[in-house]
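# Coordinate inspection notes
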Amino acid sequence: MDFTFPKEYELLRRMIREFAEKEVAPIAEEIDRNERVPMETIKKAAKLGLMGMPFPQKYGGAGAGETGYCILMEEMNKVCGSTATVIGAHTGIGAMAIYLDGTDAQKQKYLVPLAKGELIAAFALTEANAGSDAAAIQTRAVRDGNEFVLNGSKIWITNGDIADVISVFAVTDPALGARGGVSAFIVEKGFPGFKVGHKEEKMGIRGSSTAELFFEDCRVPADNVLGIFGAGFLTAMKTLDVGRISLGAGGLGASQQALKMSMEFAKSRYQFGAPIAAKQAIQWMIADMAIEIEALRSLVYRTAWMMDSGNTGRDFSTMAAMCKVLGSEVACRAADAAVQIHGGMGYMKSYPIERMYRDARITRIFEGTNEIQREVIAKNLFRTVGLKLR
Amino acid sequence: MKIVVMIKQVPDTTEVRLDPKTGTLIREGVPSIINPEDKNALEEALKLKESQGAHIVVLSMGPPQAEDALREALAMGADEAILLTDRAFAGADTWATAATLGYAVKKIGDYDLVLAGRQAIDGDTAQVGPQLAEFLKLPQVTYVREMTVADGKVRARRALEDGYEDIEAPLPALLTIIKEANTPRYPHAGAIINAYREQKVTQWKIADVEANPESVGLKGSPTQVKRSFSPPPKEPGQILKGSPPEAAKDLVAILRQKNIV
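Described in the following lines is the structure provided in the data block.

## Describing the overall build of chain A
A count of helical and extended segments in chain A gives twelve helices and ten strands. The globule rule puts the C-alpha radius of gyration for 390 residues at 21 Å, and the 21 Å found for chain A is close to it. Classification of the 390 residues of chain A by burial places 51% in the buried group. Across chain A, contacts joining residues at least 24 apart in sequence account for 74% of those joining residues at least 6 apart.

In structure tokens, the structure reads:
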């Protein structure tokens, strides 16, 4: 067993860290305040291959695999949850769906420019009445000659208003439901009948955009059916599985930053004639953060390694769900402890801890709530002892 | 055009700390990086490659782990990497280092430009570039802030303490580049992966470069470092307590006692 990163990953991390510190961190506060997607950063990231990190080079990616992508998400989340979310929705789910289930022609047409960051992707599954119960989607797609006609709407779609290409899930046979009755489509923003609606104002990750999408007799070529017709729900679940590892990596980055800043503060903040680091109450918070961070690191990179070595069975799905749960909860606990250690300073907008606390909170909700993840984990576990729960 | 760029792997001095007891550098756990101004030299070469086409060879002398610095140079866009690594090269001062690099550059041959950083952050001598030019009998331009190549000539602007100096020299020539010349690019993520998985670093030993054993390594070094040390830390100052008039009185008393006033 060898737990060290190969050297290419060490250099990759160093490059990303330098980029994150020099290009992303200095504007993190401003994009949060102004609710502005930092397109200039996205363009710079694209030039360095950071918008297509996991994808093979023949499809315009960096060829760095899930491990490389997790390193990107870890380092980016240290400095800016918003920028990480824009990249994550684009790479980890929007483009990932096309990479996992697209035909070679679809990959050439869409994945190549997406991986190069020339186009931006989004992933549209959630609807007003279909959140955790994703199978309850109502957007309909009806065949009309060589096209499908989509009608319905999606909510809370990250990158919804900036995306050029959207992986959209719609019902193609209501009688069959999730198993056989849902299909995935690649929708271009210029397709007739596609419209972007209201943009949400959020508690955190405010430098990423979250929009409503409308499909009003939106015509999509039949060539743009993504994956097997009728198996769209499977495409969605597979994509989200993979996305969950990188959410764990994001939590790892955010919590490490919270720990680092807390230690620096506890070392320099004097009360009663000594640094507050000398207090057991502070020490225990620091130790608990560090313990959880190391456990999370092992889980995330082991799961990324499983994906990169093609080990993607049911165990992988369970592990990916664990990454999402642990990553988000460690990040939230670390952010909470960081606010507590920083005291009044942690509550003020003039200091990044306040933003980190707000940014962390969504991670327990989006891309499958932690409650749903726990259900997935438990059901997969019971299956191993012969009990199949629905 | 063929450009040979000198690369040195150095400890990241922004992360180096001193052992308070021995006063020596703690190198353990300190990351190794490409010497910053060598990256500026490489960036000048990469700019020339983009504007007029060039084959860039990066060359380093060092222990086997210096290979990582060359891989990073490959990721930035160099075409070929050569590492001079041999126990016979160990213990070299700047003169012997320049000789070793010189033998290698001769072997590479057919070059139009040799570029180096002004100086390394671990030694700050700024000697290897000029000594290498002497060894190769090349025209040299040091402290270069801007450069252009046309019609078999290089035009370079030297940054001096009190102004600039524009120099023209025929190719082949050696230039040393300063950090103000440019901002080195970040390597592309895919190029980093390829630098380790697809590209190679050629290793040359003393026999490969046909170097005279008397002119390299410790034997070829006319100077030797006898001892490294840090200046002793300043003694802590003394704080005079009491009201301002009392403190002033005490201060005058101390200054008198030390025969300062």
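## Overview of the pairing of strand β5 (residues 182–188) of chain A
Residue and element names in this part refer to chain A. Most of β5 is tucked away, with six of its seven residues classed as buried. With two bridges connecting them, β5 and strand β8 (residues 225–226) associate as antiparallel partners. Looking at the pairing, Phe185 lines up with Val225 of β8.

## Some words on the packing of helix α2 (residues 67–76) of chain B against helix α5 (residues 189–197) of chain B
Any two packed helices are characterised by how steeply their axes cross, that is the angle between the axes, and by the distance between the axes. All names here are of chain B. Their axes nearest at 8 Å, the elements α2 and α5 cross at an angle of 135°. As judged from the angle between their axes, α2 and α5 are oblique. Crossing handedness for the pair α2 and α5: right-handed. The segment α2 lies against α5, with Arg71, Leu74 and Ala75 engaging Ala191, Ile192, Ala195 and Tyr196. Looking at the contact of α2 with α5 residue by residue, the class counts come to six nonpolar, no polar and one charged.

## Thoughts on unusual backbone geometry
All names here are of chain B. Backbone torsion omega between Leu171 and Pro172 reads -5°, so that peptide bond is classified as cis. Its identity is not glycine, yet Tyr143 carries a phi of approximately 55°, on the positive side. With respect to the secondary-structure elements, Tyr143 resides in strand β9 (residues 140–150). Although it is not a glycine, Asp151 adopts a positive phi angle of roughly 50°. Within the secondary structure layout, Asp151 lies in the loop between β9 and β10 (153–160).

## What about the sheet that holds strand β6 (residues 55–61) of chain B?
Residue and element names in this part refer to chain B. Strand order across the open sheet formed by nine strands is β11-β10-β9-β12-β8-β1-β6-β7-β13, with mixed pairing between neighbours. What marks the edges here is a single partner per strand, and that holds for β11 (163–170) and β13 (201–204). Across this sheet, the average inter-strand angle for adjacent strands is 30°, counted without regard to direction. Summarising the sheet, β10 and β11 pair through eight bridges and their orientation is antiparallel. Within β11, the residue paired with Ala156 across the bridge is Ile167. Most of the contacts of helix α3 (residues 94–108) go to β6, to which it runs at about 150°, and overall it touches β1 (2–6), β6, β7 (80–84), β8 (113–117) and β13.

## Overview of the pairing of strand β1 (residues 121–124) of chain A
Residue and element names in this part refer to chain A. Side chains of β1 alternate between two faces, with Ala121 and Phe123 and Ala122 and Ala124 buried alike. Across four bridges, β1 lies against strand β4 (residues 165–171) in parallel orientation. Each residue of the ladder has a partner; that of Ala121, found in β4, is Val165.

## Things to note about the nonpolar core
Phe185 and Ala335 of chain A together with Val5, Val58 and Ala73 of chain B are the most contacted members of the largest nonpolar core, which has 192 residues in total. A per-element tally of this core places helix α9 (residues 314–342) of chain A first, with 16 residues.

## A short note on the interface of chain B and chain A
The interface of chain B with chain A comprises twelve residues on the first partner and 16 residues on the second. Sorting the residues of the side of chain B that touches chain A by element identifies α2 and α5 of chain B as the ones contributing at least two each. With six residues, the top contributor of residues to the side of chain B that touches chain A is α5 of chain B. Its residues placed into classes, the side of chain B that touches chain A shows seven nonpolar, two polar and three charged.

About the criteria used
Residues numbered from 1 in each chain as written. Chains lettered and ligands numbered in written order. Predicted model: local features only at pLDDT ≥ 70, side-chain atom pairs only at ≥ 80, totals over all residues. Helix = DSSP H or I, 4+ residues; strand = E, 2+ residues; numbered from the N terminus. Rg over C-alpha atoms; globule rule 2.2 N^0.38 Å. Buried ≥ 20, exposed ≤ 12 C-beta atoms within 10 Å, placed from the backbone. Contact = placed C-beta atoms within 7 Å. Pairing = 2+ DSSP bridges. Axes fitted to C-alpha atoms, helices over the stretch in contact; angles between N-to-C directions. Parallel < 35°, antiparallel > 145°, perpendicular 65-115°, else oblique. Left-handed = near helix turned anticlockwise from the far one by under 90°. Nonpolar A, V, L, I, M, F, W, Y, C, P; charged D, E, K, R; others polar. Core = buried A, V, L, I, M, F, W, Y, C linked by C-beta atoms within 7 Å.

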